[in-house]
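# Overview (structure and organization)
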Amino acid sequence: MSSINEIILISGMVVVTFSIRYILLAFSDRFSLPETFEKKLRFVPPAVLTAIIVPAVLMPGGSWDISLQNAYLPSAVGAIIAGFIFPKKVLAASISTGLIVFVIVRFFL
Amino acid sequence: MKHSSKNEFLNGMRDTIPLLLGAFPFGLIYGALAVSSGLSAKAALAMSAFVFAGSAQFIAVGLIAAGAPILIIIVTTFVVNLRHLLYSAALLPELKKLSQSWRIVLAFFLTDETFAVSAGRYRLEDNSPYKHWYQLGSSIIMYLNWQFWCAAGLALGTQIPNAQAWGMDVAMIVTFIGMTIPYIRTKPMVVTVLVAGTVSLLTWQLPYKLGLITAAILGVLAGISTEKVISIKKYNMKRDYE
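Predicted, not measured: the structure shown is a model, and the values here were computed from it.

## Let's talk about the packing of aromatic side chains
Aromatic rings considered in pairs are described by the distance between their centres and by the relative angle of their planes. Residue and element names in this part refer to chain B. Overall, the coordinates contain 16 aromatic pairs over all chains when judged by the stated rule. Ring geometry for Phe108 versus Phe109: centroids 5.1 Å apart, planes at 80 degrees, classification edge-to-face. Among the aromatic side chains, those forming a connected cluster through ring pairs are Phe26, Tyr30, Phe58 and Trp146.

Have a look at this one:
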């Protein structure tokens, strides 16, 4: 890729990414989002994250793989169980359990 | 404990440490893939420094390697990062109290990880006036971590052949699982997660990550509708009782 193209590409990505992150904050003095809207937004993060997680776990290579060959599957199950067992330390529990299960299944089984 | 900007900043950093674990393999693979995609090392570093969006960068180098036109890459970046609009909206009640310069800084650094830990901090009902310092601490440590591992990936480059096949992206997946679980407390949230998950599988083959957006939107709508149905039922029960 030529350096001019690189500059165009990265500038475009910067503009798009920063605008998304900033636009609501920029104009929040002039407009206020209705309270019910803010309440509804609580559904967004779990929806977005689930939509990223599920295909990555069940279709890692781009097609269904529900077997022990697919180390993502037991790793995700472990992360979910650990997260529910330790509600106060969900992140640490899910990440560490998920990684440990993944390494065991992938490299030792 | 007394609240101070310094304490909040350090706590934000500390609480983000487990999440660095999820981001580091991702940065490493990004750096390694950037080398082979045909992007120059300078451009790969600039992308990390100025765009600062892991999953979008990851997809971008994949598209560069495939020879996709620049416009397609920028549009894909938009679609993949659209979820940040929703994060900033969720943080809006807190962030609109701040000056524009604070908002610009915190917006630039807004990632899934920083959103997850900061939203948790804002939810706590103590009246610390320095909660935005917590978000800044989380932002800074995420940023430094990301820059470091992207550079390391670039430096190691060809020495990590087939980086993707190692399955290092599992770190990101288990991080996202840990972020989702705390939401799953009510029936409407369960419905949201089930619908988003199912639709994401059905729409997986749509190009440019459009399936992800479709699944997310339908998941949100399903949750909102469920909440409405439940509140109507409660209202009717109360009315019948009276």
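## Some thoughts on the pattern of salt bridges
Throughout the structure, instances matching the rule amount to five salt bridges over all chains. Here Arg103(B) ties to Asp29(A) by a salt bridge, and the two come within 3.0 Å at their closest N and O atoms. With Arg103(B) in helix 6 (residues 100-108) and Asp29(A) in the loop between helix 1 (3-26) and helix 2 (35-40), this pair bridges two chains. Residue class for Arg103(B) comes out buried when judged on its relative accessible area of 2%. Of the charged contacts, one joins Glu94(B) and Lys97(B) as a salt bridge, the two residues approaching to 3.2 Å between their closest N and O atoms. Classification of Glu94(B) as partly exposed rests on a relative accessible area of 25%. The exposure class assigned to Lys97(B) is exposed, which follows from its relative accessible area of 63%.

## Describing the packing of helix 1 (residues 5-37) of chain B against helix 3 (residues 54-65) of chain B
Think of two packed helices as two axes; the pair is described by the angle between the axes and how far apart they sit. All names here are of chain B. Running from N to C, helix 1 and helix 3 point in directions that differ by 20 degrees, and their axes come no closer than 9 Å. Classified by the angle their axes make, helix 1 and helix 3 are roughly parallel. Taken as a pair, helix 1 and helix 3 cross one another with a handedness that is left-handed. In this structure, helix 1 uses Phe26, Ile29, Tyr30, Leu33, Ala34 and Ser37 to contact helix 3, whose residues at the interface are Gly54, Ser55, Gln57, Phe58, Val61, Ile64 and Ala65. Classifying every residue of the contact of helix 1 with helix 3 gives nine nonpolar, four polar and no charged.

## Some points on a nonpolar patch on the surface
Residue and element names in this part refer to chain A. On the surface, Leu68, Ile100, Val103, Ile104, Phe107, Phe108 and Leu109 cluster together to form a nonpolar patch covering roughly 790 Å² of accessible area. For Leu68, the location among the structural elements is in the loop between helix 3 (44-58) and helix 4 (72-85). The exposure class of Leu68 is exposed, given its relative accessible area of 58%.

## Some points on the side chain of Thr77(B)
Topologically, Thr77(B) is positioned in helix 4 (residues 70-81). In contact with Thr77(B), other than residues within four places in its own chain, are Met13(A), Val16(A), Thr17(A) and Ala56(B).

## With respect to the packing of helix 3 of chain A against helix 9 (residues 170-180) of chain B
One way to put it is that helix 3 of chain A packs onto helix 9 of chain B with a least axis distance of 9 Å and a crossing angle of 145 degrees. The crossing of helix 3 of chain A and helix 9 of chain B is left-handed. Of the residues in helix 9 of chain B, those in contact with Pro46(A), Leu49(A), Thr50(A), Ile52(A), Ile53(A), Ala56(A) and Val57(A) of helix 3 of chain A are Ile173(B), Phe176(B), Ile177(B), Met179(B) and Thr180(B). When the residues that make up the contact of helix 3 of chain A with helix 9 of chain B are grouped by side-chain class, the tally is 10 nonpolar, two polar and no charged.

Conventions adopted
- Residues numbered from 1 in each chain as written.
- Chains lettered and ligands numbered in written order.
- Predicted model: local features only at pLDDT ≥ 70, side-chain atom pairs only at ≥ 80, totals over all residues.
- Heavy atoms only, no water.
- Phe/Tyr/Trp six-rings, centres within 6.5 Å; stacked < 30°, edge-to-face > 60°.
- Salt bridge = Lys/Arg side-chain N within 4 Å of Asp/Glu carboxyl O.
- Helix = DSSP H or I, 4+ residues; strand = E, 2+ residues; numbered from the N terminus.
- Buried < 20%, exposed > 50% of the residue type's maximum accessible area, 1.4 Å probe, protein only.
- Axes fitted to C-alpha atoms, helices over the stretch in contact; angles between N-to-C directions.
- Parallel < 35°, antiparallel > 145°, perpendicular 65-115°, else oblique.
- Left-handed = near helix turned anticlockwise from the far one by under 90°.
- Contact = heavy atoms within 4.5 Å.
- Nonpolar A, V, L, I, M, F, W, Y, C, P; charged D, E, K, R; others polar.
- Patch = residues over 30% accessible without salt bridge, like charges linked within 9 Å, V, L, I, M, F, W, Y side chains within 5 Å.
- Areas by Shrake-Rupley, 256 points an atom, 1.4 Å probe, with all protein chains shown as cover.

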